[in-house]
Amino acid sequence: MRLRNITGSREVIAACPYVVQEVLQRQCPGTWGRIFGNSHPIHIEIGMGKGRFIHTMAREHPDINYVGIEKYSSVLLRAIQKMEQEELPNLKFLRMDAEEIGEVFGTGEVERIYLNFSDPWPKDRHAKRRLPSREFLKRYDRILKPEGRLEFKTDNRPLFDFAVEELDPAGWKAEVLTYDLHGDPDLVQGNVMTEYEEKFSSMGNPICKYVIRR
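A brief report on the enclosed structure follows. A quick note: this is a predicted structure, and the numbers were derived from the prediction, not measured.

Bringing the overall build of the protein chain into the picture now. Helix and strand content of the protein chain: 8 helices and 7 strands. Computed over the C-alpha atoms, the radius of gyration of the protein chain is 17 Å, within 12% of the 17 Å expected from 2.2 N^0.38 for a compact globule of 214 residues. C-alpha atoms of the protein chain, sized along the principal axes, occupy 40 × 40 × 35 Å. A burial count over the protein chain gives 47% of its 214 residues as buried. The long-range share in the protein chain, meaning contacts at least 24 apart out of those at least 6 apart in sequence, stands at 77%.

With that settled, consider unusual backbone geometry. Although it is not a glycine, Phe117 adopts a positive phi angle of roughly 50°. Relative to the helices and strands, Phe117 is located in the loop between strand S4 (110-116) and helix H6 (134-143). Classification of Phe117 as buried rests on a relative accessible area of 11%. For Trp121, which is not a glycine, the phi torsion comes out positive at approximately 40°. Secondary-structure assignment places Trp121 in the loop between S4 and H6.

The calculated volume of the largest pocket comes to roughly 990 Å³. Lining the largest pocket are 34 residues, with Glu70, Tyr72, Phe117, Ser118 and Asp119 positioned closest to its centre. Broken down by element, the residue count for the lining of the largest pocket peaks at 3 residues, all from helix H8 (residues 195-202). Classifying every residue of the lining of the largest pocket by side-chain character gives 15 nonpolar, 7 polar and 12 charged. When its volume is computed, the second largest pocket comes out at roughly 250 Å³. Lining the second largest pocket are 15 residues, with Glu151, Leu187, Gly190, Asn191 and Lys209 positioned closest to its centre. Broken down by secondary-structure element, the contributors of at least two residues to the lining of the second largest pocket are helix H4 (52-60), S4, strand S5 (144-154) and strand S7 (208-213).

What counts, and where the lines are drawn
- Residues numbered from 1 in each chain as written.
- Predicted model: local features only at pLDDT ≥ 70, side-chain atom pairs only at ≥ 80, totals over all residues.
- Heavy atoms only, no water.
- Helix = DSSP H or I, 4+ residues; strand = E, 2+ residues; numbered from the N terminus.
- Rg over C-alpha atoms; globule rule 2.2 N^0.38 Å.
- Buried < 20%, exposed > 50% of the residue type's maximum accessible area, 1.4 Å probe, protein only.
- Contact = heavy atoms within 4.5 Å.
- 1 Å grid on protein atoms, 1.4 Å probe; cavity = no way out; pocket = protein on both sides within 12 Å on 5 of 7 lines; lining within 4 Å.
- Points joined across faces, edges and corners; volume = space filled by probe spheres on them.
- Nonpolar A, V, L, I, M, F, W, Y, C, P; charged D, E, K, R; others polar.

Given below as structure tokens:
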């Protein structure tokens, strides 16, 4: 069964206390401190999939608030199941399209953004839909703090090359850039793998990563 077609996933999400419901999302900008009940930094993952990465990060860093964003209900359901097994007070979920990111976070409200193994949208006419595109970098620029950073990992070399080429036109700079994350003994220290990362690296695919700033 394809994850996107699991029957009843939307109903489960609508009743889930870990999810900020769509009807409340427009009220979120500037209020995430109140949602979490503290003033800790906000880190977000856009396209979190089944939630392994962000759940691990939230467990390891209880002094940071994490928000996982996923478009597909049946994929988000897997992340919810992880939370049911191990509840973390510093992790919330949003079911939404990444294009609406500026409508749920206020200006300068986010400290760090994670993009992990994003959809490559390989056709040229879909370039604007790619999460590391200049169009999305403009959206991230507004919600990130001035000192904020964005981290991107992928095994898709064409997508990574595209992402690197987008930096200069968008006014961003790379602090870290590698075409073989797991082959770098310094960068791999503390690296939290996603499900896809574990799968692709076990197949011998090199993992590309950058950390960028404005």
